[in-house]
Amino acid sequence: MKKIIAVMIAMFTIGTSVYALEVSVGASVGLGPSFLRGEDAKTFDKMYSTVYGKPMGVNFYPQLDVMVEFLPFLALETGLGSKIISTVSYQDTNNPDSVQANFQKFLNFNIPIMIRGQYEYSLGVTYASVGVRLGFNLIGSDYHFLSGLPEGSSTEEASLFKSSPFNMDIAFAVGQEFRLGDANYLGIRIGYDLNVIRPYDTKALNDIGLESPSLFHDDITFSLTYRYAFGSKWKS
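Student: Help me understand the pairing of strand β2 (residues 34-37), please; the structure alone is not making it clear to me.
Tutor: Note on strand geometry: in a regular strand, side chains alternate between the two faces of the sheet. Residue alternation in β2 divides its side chains into a buried set, Ser34 and Leu36, and an unburied set, Phe35 and Arg37. In terms of strand pairing, β2 meets strand β11 (residues 216-230) through four bridges, oriented antiparallel. Looking across to β11, one finds that Leu36 is bridged to His217.

This is the structure:
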């Protein structure tokens, strides 16, 4: 599956690069808070916070990046990344062995497809991007589960929601890149992923007669970025 996705990105990039002014490849690594959103998210938060205290939310997101610049002020961003972990966890901080309630996207592979508006000058590039982030869960792990349950508890009690094989976020980002030499760019980026197709299997819940909760899983990510521009306009 990963090889198929990589080939799709490569074919897409080659096809679009024919009409491009500039093509860049690079990588980024990000870290930031995760949190739940929606009416039922408030219910879960009230219930679990009473028992365990306030949650800890964190996401870690490395990515391989491709940027295709069509116009001086317009580019397409894509690539292949993995939310190695994106979790909102409730736990009694005074007792590490206590029961935990976790809402977790684990090894969720992502393909961003984003339009980037940018302004480039001698120092570097300032930009804003918007698009979608397509997520594929290749592990099949549970999305919402309880760990550390009393001995004798069943798996059904521990696993409340199953992960969905596909999810999608509306992605927003702003960033600043600094040019090093004529074709290397080092930057910082702030992104917000607004979850719109939920990361848990709503069909599985409906099949057993349960209504899907109003529960979405958002991420804010602070990233360090690097890219190398082929055919850079700044090369002498």
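Moving on from the coordinates now.
Student: Which parts of the structure should I look at to understand the packing of aromatic side chains?
Tutor: Aromatic ring pairs are defined here through the distance separating the ring centres and the angle between the ring planes. Taken as a whole and assessed by the stated rule, the structure comprises 15 aromatic pairs. Summarising the aromatic geometry, the rings of Phe44 and Tyr48 are spaced 6.1 Å apart at their centres and angled 10 degrees between planes, so their arrangement reads as stacked. Taken together, the residues Phe44 and Tyr48, both in helix α2 (residues 39-52) and four residues apart, mark about one turn of the helix. By the burial criterion, Phe44 is buried, and Tyr48 matches it. Between Phe73 and Tyr119 the ring centres are 6.4 Å apart and the planes differ by 10 degrees, which places this aromatic pair in the stacked class. In this pair, Phe73 sits in the loop between β3 (56-71) and β4 (74-90) while Tyr119 sits in strand β5 (residues 100-120), placing the two residues 46 residues apart along the sequence. For Phe73, a relative accessible area of 53% puts it in the exposed group. In textbook terms, an aromatic cluster arises when at least three aromatic residues are bridged by ring pairs, as seen for Phe44, Tyr48, Tyr52, Tyr90, Phe103, Tyr143, Phe161 and Tyr200. One residue, Lys83, lies across the ring of Tyr61, its end atom 5.9 Å from the ring centre.

What counts and how
- Residues numbered from 1 in each chain as written.
- Predicted model: local features only at pLDDT ≥ 70, side-chain atom pairs only at ≥ 80, totals over all residues.
- Heavy atoms only, no water.
- Buried < 20%, exposed > 50% of the residue type's maximum accessible area, 1.4 Å probe, protein only.
- Helix = DSSP H or I, 4+ residues; strand = E, 2+ residues; numbered from the N terminus.
- Pairing = 2+ DSSP bridges.
- Phe/Tyr/Trp six-rings, centres within 6.5 Å; stacked < 30°, edge-to-face > 60°.
- Lys NZ or Arg CZ within 6 Å of the ring centre and 35° of its normal.

No statement about biological role is implied by the geometric values presented.
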